[in-house]
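Spelled out, the chains give:
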Amino acid sequence: MNGSLGIFALLQDGRGLTTQGLTFFAVLIRVGVLFSLLPFFSERNLPVLARVLLGLSVTVCLYPTLVQLGWIQPEASEVWGSTVWGLVSTVTKEVFLGLVLGFLSKLFFEAIQAAGEVMGTLMGFATASQFDPQTESQTQVLTRLQLALATLLFIAMDGHHLLLTAVMESFRYVGIGGVRFEGTTVESMIRLSGELLKTSLELSAPMILAMSLVFCTYAVFARALPQVNLLVLSMSMSASIGLVVMLLGAPHFQSAVSDLLGRMGHELGDFLRRLG
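All of these numbers come straight from a predicted model, not from anything done at the bench.

Colleague: Go over the overall build of the protein, please, and point to the residues and values.
Modeller: Scanning the protein for helices and strands turns up 10 helices and 2 strands. For the protein, the succession of helices and strands along the chain, N to C, is α-α-α-α-α-β-β-α-α-α-α-α. Counting only residues that meet the buried cut, the protein has 40% of its 276 residues in that class. When contacts within the protein are restricted to residue pairs at least 6 apart in sequence, long-range pairs at least 24 apart make up 82% of them. Taken as a whole, the protein presents about 14,600 Å² of accessible surface, with 68% of it coming from carbon and sulfur.

Pasting the structure below:
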């Protein structure tokens, strides 16, 4: 309610409906694109209309605060909104910034998903994959379990508040239409992707080590007892041993995932400073 009253007050401050409307539209573009990709907010089981209304509601609440803090200047829209090229250029930059930030946020959860795929394959769950409507692809049951646990940890760590803070802080570092895409930005994205790949391997390392020993044991038994049908025996044994390893490694998984998701705010802030 306060946000709505603040917007109506701003629209009547004498600067004109067009200036405020263009600025509000630019903010809505960035927030809307971000919410279409951000983890937890972009789930496909959340209706499209609900996501649109959520992005609009957040924009309504943020807009008066952003103007009051001076992170956006509505009068600047008189410059970039005066020509068609300036308007298209500004909207394109806002869409690009929203896509990049949303992509970087999803990378952290993709690292957890990649680790789950590796662990599930080693445990023999590759044949038990199901169609996941969230990713529109075949996903293993173990991967969905780990993503669910990671999402619960993310909420317990107030990660959803962290994402909302990142949305607001993006206007502090990068004003409307102020994106500057340089070579260091590409290097930063590549570096972050490499670090997340490394973290994914670290999450699955206990399972890789344990199952490597199990596979070596299978090889020894195959040579010593060729009459034993190891193909049938290995399916249940691999799954059982893998579940035991997961249970013993639960504290490590919780600590690693918490550290990984805790880095999200720092990495997004660093990336925004490079773009600004």
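Colleague: An account of a nonpolar patch on the surface is needed here, citing residue identities and associated values.
Modeller: On the surface, a cluster of nonpolar side chains totalling about 390 Å² of accessible area is made up of Phe221, Leu225, Val228, Leu233 and Met237. Considering the arrangement of structural elements, one finds methionine 237 in helix 9 (residues 230–248).

Colleague: Could you give an account of the environment of glutamine 113, with specific residues and numbers?
Modeller: Among the structural elements, glutamine 113 can be located in helix 5 (residues 84–123). Residue glutamine 113 is classed as buried on the basis of its relative accessible area, which comes to 11%. Along the backbone, glutamine 113 and glutamine 140 are 27 residues apart, and their C-alpha atoms lie at a distance of 9.6 Å.

Colleague: Can you tell me about helix 6 (residues 141–156), naming the residues and giving the values?
Modeller: In this model helix 6 runs 23 Å from its N-terminal to its C-terminal C-alpha over 16 residues, within 8% of the 22 Å that 1.5 Å per residue would give. Once helix 6 finishes, aspartate 158 follows within two positions and takes phi at roughly 60 degrees, a positive value.

Colleague: Any details on the confidence of the model for the protein? Residues and values, ideally.
Modeller: Across the protein, pLDDT averages 79, with 87% of residues at or above 70. Counting contacts from residues 10–15, a segment whose pLDDT is below 50, to residues more than four positions away or on other chains yields 9 contacts.

Colleague: Before we move on, could you go through the pattern of salt bridges and cite the residues and values that matter?
Modeller: Tallied over the full model, the rule gives 6 salt bridges. Put simply, arginine 172 and glutamate 169 hold a salt bridge, and the shortest N to O gap is 3.4 Å. Taken together, the residues span about one helical turn, with arginine 172 and glutamate 169 both in helix 7 (residues 159–173) at a distance of 3 residues. Take glutamate 169: its relative accessible area is 21%, and that puts it in the partly exposed class. The structure contains a network of salt bridges with shared partners spanning Arg191, Glu195, Arg263 and Glu267.

Colleague: Outline the packing of helix 5 against helix 6, supporting the account with residue identities and numerical values.
Modeller: Axis separation between helix 5 and helix 6 bottoms out at 8 Å; the angle between their running directions is 145 degrees. As helix 5 runs across helix 6, the sense of the crossing is right-handed. Together, Phe109, Ile112, Gln113, Ala115, Gly116, Glu117, Met119, Gly120 and Met123 of helix 5 and Leu142, Thr143, Gln146, Leu147, Ala150, Thr151 and Phe154 of helix 6 make up the contact between the two elements. Partitioned by chemical class, the residues of the contact of helix 5 with helix 6 number 9 nonpolar, 6 polar and 1 charged.

Colleague: Let's hear about the environment of serine 36: which residues, and what values?
Modeller: Mapping serine 36 onto the fold places it in the loop between helix 2 (17–35) and helix 3 (48–69). For the pair formed by serine 36 and valine 48, sequence separation is 12 residues and the distance between their alpha carbons is 9.0 Å. A distance of 2.5 Å separates a polar side-chain atom of serine 36 from the backbone oxygen of valine 33.

Colleague: I'd like to hear about the packing of helix 6 against helix 10 (residues 250–275), residue by residue, with values.
Modeller: Direction vectors running N to C along helix 6 and helix 10 enclose 60 degrees, while the axes themselves pass 10 Å from each other. When the interaxial angle is binned, helix 6 and helix 10 end up oblique. Pair helix 6 / helix 10 crosses with right-handed handedness. Residues Gln146, Leu149, Ala150, Leu153 and Phe154 of helix 6 lie in contact with helix 10, whose contacting residues are Phe253, Gln254, Val257, Ser258, Leu261 and Met264. For the contact of helix 6 with helix 10, the residue count by class is 8 nonpolar, 3 polar and no charged.

Colleague: How would you summarise the nonpolar core if you had to cite specific residues and measurements?
Modeller: One finds Val27, Ile72, Leu104, Ile112, Val257, Leu261 and Met264 to be the most contacted residues of the largest nonpolar core, which totals 52 residues. If you list the elements that add at least two residues to this core, you get helix 2, helix 3, helix 5, helix 6, helix 7, helix 8 (183–224) and helix 10. Those residues in contact with valine 27, other than ones at most four positions away along the chain, are Thr59, Tyr63, Leu66, Ile72, Phe171 and Ile176. With 10 residues, the next largest nonpolar core counts Leu142, Tyr218, Val245 and Met246 among its residues.

Colleague: Hey, could you go over the packing of aromatic side chains for me, with residue numbers and the actual values?
Modeller: Taken as a whole and judged by the stated rule, the model has 3 aromatic pairs. Ring centres of phenylalanine 24 and tyrosine 63 lie 5.5 Å apart, and the angle between their planes is 75 degrees; this geometry places the pair in the edge-to-face category. Of the two residues, phenylalanine 24 sits in helix 2 while tyrosine 63 sits in helix 3, which places them 39 residues apart along the sequence. By the burial criterion, phenylalanine 24 is buried, and tyrosine 63 matches it. Ring geometry for phenylalanine 109 against phenylalanine 154: centres 5.3 Å apart, planes inclined by 85 degrees, an arrangement best described as edge-to-face. Here phenylalanine 109, found in helix 5, pairs with phenylalanine 154, found in helix 6; they are 45 residues apart in sequence, far enough to count as distant.

Parameters and conventions
Residues numbered from 1 in each chain as written. Predicted model: local features only at pLDDT ≥ 70, side-chain atom pairs only at ≥ 80, totals over all residues. Heavy atoms only, no water. Helix = DSSP H or I, 4+ residues; strand = E, 2+ residues; numbered from the N terminus. Buried < 20%, exposed > 50% of the residue type's maximum accessible area, 1.4 Å probe, protein only. Contact = heavy atoms within 4.5 Å. Areas by Shrake-Rupley, 256 points an atom, 1.4 Å probe, with all protein chains shown as cover. Patch = residues over 30% accessible without salt bridge, like charges linked within 9 Å, V, L, I, M, F, W, Y side chains within 5 Å. Salt bridge = Lys/Arg side-chain N within 4 Å of Asp/Glu carboxyl O. Expected span 1.5 Å × (residues − 1). pLDDT = per-residue confidence, 0-100. Axes fitted to C-alpha atoms, helices over the stretch in contact; angles between N-to-C directions. Left-handed = near helix turned anticlockwise from the far one by under 90°. Nonpolar A, V, L, I, M, F, W, Y, C, P; charged D, E, K, R; others polar. Polar contact = N/O pair within 3.5 Å; in protein donor to acceptor, adjacent residues only side chain to side chain. Parallel < 35°, antiparallel > 145°, perpendicular 65-115°, else oblique. Core = buried A, V, L, I, M, F, W, Y, C linked by side-chain atoms within 4.5 Å. Phe/Tyr/Trp six-rings, centres within 6.5 Å; stacked < 30°, edge-to-face > 60°.

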